[in-house]
Amino acid sequence: MYLLDILQDPAAQPQGGGMSMIVMLVLMFVIFYFFMIRPQQKKQKELNKFRDELKAGDKVLTVGGIHGTVVSILENTIIIAIAQDVHISVEKSCIVADNSDVANNAK
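Residues numbered from 1 in each chain as written. Predicted model: local features only at pLDDT ≥ 70, side-chain atom pairs only at ≥ 80, totals over all residues. Heavy atoms only, no water.

A. Representation of the environment of Asp52 within the structure. Along the polypeptide, Asp52 turns up in helix H2 (residues 17-52). Note on Asp52: relative accessible area 60%, which makes it exposed. Residues Asp52 and Lys92 lie 40 residues apart in sequence; the distance between their C-alpha atoms is 8.9 Å. (Helix = DSSP H or I, 4+ residues; strand = E, 2+ residues; numbered from the N terminus. Buried < 20%, exposed > 50% of the residue type's maximum accessible area, 1.4 Å probe, protein only.)

B. Region of interest: the side chain of Arg51. Inspection of the secondary structure assignment puts Arg51 in helix H2. No salt bridge is formed by the buried Arg51. Its closest oppositely charged neighbour is Asp52, at 7.9 Å. Within polar-contact distance, the side chain of Arg51 engages the backbone oxygen of Lys92 at 3.4 Å. Those residues within four positions of Arg51 in sequence are excluded, and the remaining contacts are Gln44, Lys92, Ser93, Ile95 and Val96. (Lys, Arg positive; Asp, Glu negative; His and termini not counted. Salt bridge = Lys/Arg side-chain N within 4 Å of Asp/Glu carboxyl O. Polar contact = N/O pair within 3.5 Å; in protein donor to acceptor, adjacent residues only side chain to side chain. Contact = heavy atoms within 4.5 Å.)

C. Fine view of unusual backbone geometry. With a phi close to 60 degrees, Asp85 is a non-glycine residue in the positive phi region. Here Asp85 shows up in the loop between strand S3 (77-83) and strand S4 (86-91).

D. Highlighting the sheet that holds strand S1 (residues 59-62). What the 5 strands build is an open sheet, ordered S4-S3-S2-S1-S5; its pairing is antiparallel. The open sheet has two edge strands, S4 and strand S5 (95-98), and neither has a second partner. Here the strands of the sheet are splayed against their neighbours by 45 degrees on average, with no regard to which way each runs. In the sheet, S1 pairs with S5 via 3 bridges, with the strands oriented antiparallel. By the bridge assignment, Val60 is partnered in S5 with Asp98. (Pairing = 2+ DSSP bridges. Axes fitted to C-alpha atoms, helices over the stretch in contact; angles between N-to-C directions.)

Below you can see the structure in the form of structure tokens.
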């Protein structure tokens, strides 16, 4: 059926299209959940676990791209050594990766 025919004859419009629309919306939500929402939640859980398991001596990478070694860990702050006698304090949430993993991936 052509669009012009549908616009001219309202009786020619298909009936009962509401249920198929609901099914399509549910199917789209399921697809979004399994391909976008769930993987992101899993990645965030792994990152939080990594941050909780940090200890002195671990090599880390910050969101700003600073590579360093953990010197000490406070409640929400981590002291990182970035050079000899150079220490910086960063929020725990700014640590994004284990520096040794980054070095291994670059090889």
